[in-house]
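# Architecture at a glance
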Amino acid sequence: KGVVKAFEEESNNSASVQILTTGEVPPPSSIGFSCVYLLVTNDGKYYVGESDNIGQRFNQHQKAQKDGLLHFGFFKLPQPGGKSLARAIEAQ
């Protein structure tokens, strides 16, 4: 199941996905929100995760990838209950 579709089904909301590239930072509007993210590495691996600090998590993933990230997209979750919703989506 797609990550965005899972969010929309779990929350009855539509997702606004934001894409980050190397060197970018998430917008200030994402601070303080639980987020679900999907990354694609340059070697074609996919990873879905969740974080309460998307900027820090993005930086950690960038540092861990020797060849860099091909794509990194995320969406923030509504408050309250964002963390629980994030984990439910990540598990799907």
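The structure under discussion appears in the preceding block.
The structure reproduced in this document is the subject of the present report. (Residues numbered from 1 in each chain as written. Predicted model: local features only at pLDDT ≥ 70, side-chain atom pairs only at ≥ 80, totals over all residues. Heavy atoms only, no water.)

### Some words on the environment of Gln 65
With respect to the helices, strands and loops of the structure, Gln 65 is situated in the loop between α2 (54-64) and β4 (69-76). The exposure class of Gln 65 is partly exposed, given its relative accessible area of 25%. On a C-alpha basis, the gap between Gln 65 and Asp 43 in space is 9.8 Å, while along the polypeptide they are 22 residues apart. (Helix = DSSP H or I, 4+ residues; strand = E, 2+ residues; numbered from the N terminus. Buried < 20%, exposed > 50% of the residue type's maximum accessible area, 1.4 Å probe, protein only.)

### What about the nonpolar core?
Core analysis: the largest hydrophobic core is formed by 8 residues, namely Leu 20, Cys 35, Tyr 37, Leu 39, Ile 54, Phe 58, Phe 72 and Phe 74. Contributions of two or more residues to this core are made by β2 (35-41), α2 and β4. By residue number, the principal contributor to this core is β2, which donates 3 residues. Once residues within four sequence positions are removed from consideration, Phe 72 is found in contact with Gln 18, Ile 19, Leu 20, Tyr 37, Leu 38, Leu 39, Ile 54, Phe 58 and His 61. (Core = buried A, V, L, I, M, F, W, Y, C linked by side-chain atoms within 4.5 Å. Contact = heavy atoms within 4.5 Å.)

### Let's talk about the side chain of Ser 51
Positionally, Ser 51 belongs in strand β3 (residues 46-51). What makes Ser 51 buried here is its relative accessible area of 9%. Separated by 2.9 Å, the side chain of Ser 51 and the backbone nitrogen of Asn 53 make a polar contact. The contact partners of Ser 51, leaving out residues within four places of it in the chain, are Phe 33, Ser 34, Cys 35, Tyr 37 and Arg 57. (Polar contact = N/O pair within 3.5 Å; in protein donor to acceptor, adjacent residues only side chain to side chain.)

### Re the packing of aromatic side chains
Tallied over the full model, the rule gives 3 aromatic pairs. Plain terms: the ring middles of Tyr 37 and Phe 72 are 5.2 Å apart, the flat faces sit at 15 degrees to each other, and that makes the pair stacked. With Tyr 37 in strand β2 and Phe 72 in strand β4, the pair connects residues that are 35 residues apart, well separated along the chain. The residues Tyr 37 and Phe 72 share a single accessibility class, namely buried. Among the aromatic side chains, those forming a connected cluster through ring pairs are Tyr 37, Tyr 47, Phe 58 and Phe 72. Here Lys 76 stacks its cationic end above the ring of Phe 33, 4.5 Å away from the centre of that ring. (Phe/Tyr/Trp six-rings, centres within 6.5 Å; stacked < 30°, edge-to-face > 60°. Lys NZ or Arg CZ within 6 Å of the ring centre and 35° of its normal.)

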